[in-house]
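The primary structure of each chain is shown beneath.
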Amino acid sequence: MDTPRASSERQQVSTNLNYALSTLRARLAQDRWTEVDRYIADLFIQSDPVMDATLRSSSEAGLPPIHVSPPQGRFLMLLAMARGARRILEIGTLAGYSTIWLARALPVDGRLVSLEIDREHASIARANIARAGLSGRVTIRVGSALETLPKLLGEGQGPFDFVFIDADKPSYPDYLEWAIKLGRPGTVIVADNVVREGEIIKARSTDPNTQGIRRFNDALATNDRVIAIEIQTVGSKGYDGFAVALVK
Ligand code: SAH
Ligand code: DHB
Ligand code: MG
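Residues numbered from 1 in each chain as written. Chains lettered and ligands numbered in written order. Predicted model: local features only at pLDDT ≥ 70, side-chain atom pairs only at ≥ 80, totals over all residues.

Turning our attention to the overall build of the protein chain. Regarding its fold elements, the protein chain presents eight helices and seven strands. Considered along the principal axes of its C-alpha atoms, the protein chain spans approximately 80 × 40 × 30 Å. Counting over 248 residues, the protein chain shows a buried share of 37%. Considering only contacts in the protein chain between residues 6 or more positions apart, those separated by 24 or more positions represent 70%. (Helix = DSSP H or I, 4+ residues; strand = E, 2+ residues; numbered from the N terminus. Buried ≥ 20, exposed ≤ 12 C-beta atoms within 10 Å, placed from the backbone. Contact = placed C-beta atoms within 7 Å.)

Structure follows, in structure tokens:
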């Protein structure tokens, strides 16, 4: 029989060990996802000085490494190509990495508008887009997207064939409404970060990002204007997910 004290010490050791094990398991899983992403990229994605320079410029400028992964970028390009997109709207530019992938799906007379709140991000992105030879097809609009979106409607910039939502998470429910309003039947809408390492199932989460995405997911699932689903993803960017919707 244990003394109460020995028992409590043993419990503490067991708790610590379980914590260390789950941390280690998570790290091993992430290493594997990153290695498989590299394997996939090596198979399907040619080495590309423009993309390399874009990611380098982003990290050298101290921007957060929250761009899509190379396979995700190619997936976006492929979806936009499958849609035959001629007009693309992106919400959240950062250094223009996903922008360049999407713009490569466009025909020469196609157009992409990307919305970015941060002037410095926009200026880095413009340089990257110029280096990619895509300045003629891509316009970056600086400002809060919720202010720019009504302007796009007023200017008659739509309808867009493809919309990529990847900016501030609390505004996702509004971005969905705008994507539909600026779209037309057949428009494909993709949204990044809808799973958030599984945090998304926590109804009582106090994280405003998680709550924003939860409201977006509810709205997407119940909106009669779209047919939609979400797919969980793992890879070099961790465990997350994409929403994909088609405007009816
Ligand atoms: N799509 C990019 C990553 C975007 S990161 C890629 O995959 O390469 C999110 C970006 O959204 C950041 O640059 C951030 O400044 C921008 N952002 C955040 N809030 C915004 C808002 N309200 N309006 C427009 N852009 C916003
Ligand atoms: C964050 C934002 C993103 O769009 C993303 O893909 C990953 C992380 C963030 O704000 O932390
Ligand atoms: Mg994202």
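The next point concerns the site of ligand 1. The environment of ligand 1 is formed by 19 residues, the closest being His67, Gly92, Tyr97, Ser98 and Ala145. Listed by contribution, the elements that provide at least two residues to the shell around ligand 1 are α4 (97-103) and β2 (111-116). Classifying every residue of the shell around ligand 1 gives eight nonpolar, seven polar and four charged. (Near = placed C-beta within 6 Å. Nonpolar A, V, L, I, M, F, W, Y, C, P; charged D, E, K, R; others polar.)

Further remarks concern the pairing of strand β4 (residues 162-165). In β4, alternate side chains face the same way, and those of Phe162 and Phe164 on one face and Val163 and Ile165 on the other are all buried. With four bridges joining them, strand β1 (residues 87-91) and β4 adopt parallel strand pairing. Bridge pairing links glutamate 90 to phenylalanine 164 in β4. Both β4 and strand β5 (residues 188-192) contribute to a ladder of four bridges, which runs parallel. Paired with phenylalanine 164 across the two strands is valine 190, which belongs to β5. (Pairing = 2+ DSSP bridges.)

Segmenting the protein chain into domains produces domain 1 (1-44) and domain 2 (49-247). A C-alpha centroid distance of 33 Å is found between domain 1 and domain 2. With seven residues of domain 1 at the contact, the number on the domain 2 side is eight residues. For the side of domain 1 that touches domain 2, the class distribution of residues is four nonpolar, two polar and one charged. (Domains from an automatic or database assignment.)

The next subject is the environment of leucine 115. Residue placement: leucine 115 occurs in strand β2. The class of leucine 115 is buried, set by 25 C-beta atoms lying within 10 Å. The spatial distance from the C-alpha of leucine 115 to the C-alpha of leucine 146 is 9.5 Å, given a sequence separation of 31 residues. Among residues more than four places away in sequence, those in contact with leucine 115 are Glu90, Ile91, Thr93, Arg141, Ala145 and Thr148.

Turning our eyes to something else, we now look at the sheet that holds β2. Here we have seven strands laid out as an open sheet, ordered β3-β2-β1-β4-β5-β7-β6, and mixed in their pairing. Edge strands, defined here as strands with exactly one partner in the open sheet, are β3 (138-142) and β6 (226-235). Looking at each pair of strands side by side, their axes are set apart by 15° on average, direction ignored. Two strands pair when backbone bridges link them, and β2 and β3 are joined in this way by five bridges, in the parallel orientation. Of the residues in β3, the one forming a bridge with glutamate 116 is valine 142. Lying on the sheet, helix α7 (residues 172-181) is in contact with β1, β4, β5, β6 and β7 (238-247); it crosses β4 at an angle near 170°. (Axes fitted to C-alpha atoms, helices over the stretch in contact; angles between N-to-C directions.)

In the vicinity of ligand 2, the contacting residues are Ile66, Asp166, Asp192 and Asn193. In the shell around ligand 2, the residues fall into one nonpolar, one polar and two charged.

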